[in-house]
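Residues per chain are reported as follows:
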Amino acid sequence: MDDFLHEILENTKKMFPGATSVNIVVTNEDVKATASYRGELSDYSMRKIDGQWCSKRK
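Residues numbered from 1 in each chain as written. Predicted model: local features only at pLDDT ≥ 70, side-chain atom pairs only at ≥ 80, totals over all residues. Heavy atoms only, no water.

Digging into the overall build of the protein chain
Stage number 1. Of regular secondary structure, the protein chain possesses one helix and four strands.
Stage number 2. Listed by position from the N terminus, the elements making up the protein chain come as α-β-β-β-β.
Stage number 3. The 58 residues of the protein chain split such that 14% are buried.
Stage number 4. Nonlocal contacts in the protein chain, meaning residues at least 24 apart in sequence, comprise 23% of its contacts between residues at least 6 apart. (Helix = DSSP H or I, 4+ residues; strand = E, 2+ residues; numbered from the N terminus. Buried < 20%, exposed > 50% of the residue type's maximum accessible area, 1.4 Å probe, protein only. Contact = heavy atoms within 4.5 Å.)

What follows is the structure, given as structure tokens:
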């Protein structure tokens, strides 16, 4: 199971570069992926899924 989840992680990083998070929902009829791209932040530090840091709001 860990190998399967790691493969999902690596593929998600490739498919959604720059995203801060990706929600994947699996049902018996469908699979949906929704990426969030919150690059501008207030006082919080956040990393993107590819490991890069988001920029702070200026």
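Quick word on a nonpolar patch on the surface
Stage number 1. A surface patch of nonpolar side chains, amounting to about 720 Å² of accessible area, comprises Met1, Phe4, Leu5, Ile8, Ile24, Val26 and Val31.
Stage number 2. Those elements giving two or more residues to the nonpolar patch turn out to be α1 (2–15) and β1 (21–26).
Stage number 3. The exposure class assigned to isoleucine 8 is partly exposed, which follows from its relative accessible area of 32%. (Patch = residues over 30% accessible without salt bridge, like charges linked within 9 Å, V, L, I, M, F, W, Y side chains within 5 Å. Areas by Shrake-Rupley, 256 points an atom, 1.4 Å probe, with all protein chains shown as cover. Salt bridge = Lys/Arg side-chain N within 4 Å of Asp/Glu carboxyl O.)

Points about the pattern of salt bridges
Where charged atoms of side chains with opposite charge meet at close range, the side chains can pair.
Stage number 1. Enumeration over the complete set of coordinates arrives at one salt bridge.
Stage number 2. In this structure, glutamate 10 engages lysine 13 in a salt bridge whose closest nitrogen and oxygen atoms are separated by 3.7 Å. Here glutamate 10 pairs with lysine 13, and both are found in helix α1, just three residues apart, close to one helical turn.
Stage number 3. Judged by its relative accessible area of 29%, glutamate 10 is partly exposed.
Stage number 4. Accessibility expressed as a relative area gives 27% for lysine 13, which makes it partly exposed.

Considerations on the pairing of strand β2 (residues 31–36)
Stage number 1. Relative to β2, β1 runs antiparallel, the two sharing six bridges. The partner of serine 21 across the bridge, within β2, is serine 36.
Stage number 2. Joining the antiparallel neighbours β1 and β2 is a turn of four residues. (Pairing = 2+ DSSP bridges.)

Here we look at the side chain of threonine 12
Stage number 1. Among the secondary structure elements, threonine 12 is positioned in helix α1.
Stage number 2. A residue is classified by how much of its surface remains accessible, and threonine 12, at 12% relative accessible area, is buried.
Stage number 3. Of the polar contacts made by the side chain of threonine 12, one reaches the backbone oxygen of isoleucine 8; its length is 2.7 Å.
Stage number 4. When residues no more than four places from it in sequence are discounted, the contact partners of threonine 12 are Val22, Ile24 and Ile49. (Polar contact = N/O pair within 3.5 Å; in protein donor to acceptor, adjacent residues only side chain to side chain.)

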